[in-house]
Amino acid sequence: MTPDQEAEFAPDLLITFGGAIVSKRIKAYLRKYTPQIHWKVTETTFLKQLLDVKSDRIPSNFGGKWKQRDFIAQSKATAFLEHTPYSDLKVMELMLDCIPEQAHIHMGNSSIVRYCQLFDPIASMTYFSNRGTSGIDGSTSTAVGAALAKQDVLHVLLTGDVSFFYDSNALWNNYAIPNLRIILINNGGGGIFNIIKGPRGSRQNARKGLETKNQIVIKIKNMLSKPLKISEGENASHKNGRYKPAMILAGTAFINPIKEV
């Protein structure tokens, strides 16, 4: 879009709640076109109360413009995914379609959380990610702890190989975790550094250090149970009198959807 077209989508009032926004593009846009008013609220009931307020409505096609733009984006995304080869992005599409409703999804804090945002959220699912420090610390530990704390819900950890290896000690425990599924997307290194602007432009030697490419063969036998269907019952992961989390391992190649689209 041209700058004039971009300006047409700028809001006069911005209402935010929850944690930090993941997308740097959205942040940059809101900094460029700073809203006149910004309300940061902590209670989601505020939105319902706001809708109940009776006031004079000003005729506007602002919402219609956004819906039209969203429709165009959805059409392009659907067409792109239909021809996308087997890759990180394709695996994310397939896995998100397979995860049962009501599940709690724990997203690795790197490529995974960015991939997830390329798909519409499923209303019946709850999403979690350690976005506080923008690092890969503790993604697996968070999922393990959440699964132990809320055992009546299926927890699914979507993680990359670097994030998983970084926090693999989270599975070094004696707790029964039959309600945890781990989907590990192994593209052999930190693919996120092919997207982020700074590292992407680094010299080859620097990129090698950042990407942390690995040739590690993941041995599930002693640490986890055999691979399962995501929705299989807890008895399927019983071994030697102890329940263990189940893993689905997907070896992929990296593809940059932002660049390709």
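Here the residue numbers are simple positions, counted from 1 along each chain's written sequence. Whole-chain, interface and lining totals are the exception, using all residues; otherwise, since this is a predicted model, local features are given only for residues with pLDDT of at least 70 and side-chain atom pairs are given and counted only at 80 or more. Water and hydrogen atoms play no part in the side-chain values, which are based on all heavy atoms of the structure.

### Observations concerning the overall build of the protein chain
Note the following rule: Put simply, DSSP marks the helices as runs of H or I at least four residues long and the strands as runs of E at least two long, and each gets a number from the N terminus on. Think of it in three bands: with a 1.4 Å probe and only protein chains considered, a residue is buried below 20% of the maximum accessible area for its type, exposed above 50%, and partly exposed in between. By the convention used here, residues are in contact when the closest approach between their heavy atoms is within 4.5 Å. Calculation of accessible area relied on Shrake-Rupley with a 1.4 Å probe; when residues are assessed, cover is drawn exclusively from the protein chains displayed.
Along its length, the protein chain carries eleven helices and nine strands. Residues counted as buried form 39% of the 261 residues belonging to the protein chain. Partitioning the intrachain contacts of the protein chain with sequence separation of at least 6 by distance along the chain shows that 69% fall at a separation of at least 24. Total accessible area computed for the protein chain in this model is approximately 16700 Å², and 55% of it derives from carbon and sulfur atoms.

### Some words on the side chain of Asn179
Applied cut-off: Two N or O atoms count as a polar contact when they lie within 3.5 Å, although within protein this holds only if one can serve as hydrogen donor and the other as acceptor, and sequence-adjacent residues are included solely when both atoms are side-chain atoms.
If you trace the backbone, Asn179 turns up in the loop between helix H8 (161–166) and strand E6 (180–186). Only 3.0 Å separates the side chain of Asn179 from the backbone oxygen of Val153, close enough to count as a polar contact.

### Concerning unusual backbone geometry
Non-glycine residue Gln102 carries a positive phi angle of around 75 degrees. Of the residues examined, Gln102 reaches a relative accessible area of 54% and is grouped as exposed.

### Observations concerning a nonpolar patch on the surface
Test applied: Here a patch means residues that are over 30% exposed by relative accessible area and free of salt bridges, tied together within 9 Å if like-charged and within 5 Å if nonpolar (Val, Leu, Ile, Met, Phe, Trp, Tyr). In the sections that follow, a salt bridge refers to a side-chain nitrogen of Lys or Arg positioned within 4 Å of a carboxyl oxygen of Asp or Glu.
On the surface, a cluster of nonpolar side chains totalling about 580 Å² of accessible area is made up of Leu13, Phe17, Ile37, Trp39, Leu47, Leu50 and Val53. Looking at the nonpolar patch, the elements with two or more residues in it are strand E2 (37–40) and helix H3 (45–52). Its location among the elements puts Ile37 in strand E2. Take Ile37: its relative accessible area is 41%, and that puts it in the partly exposed class.

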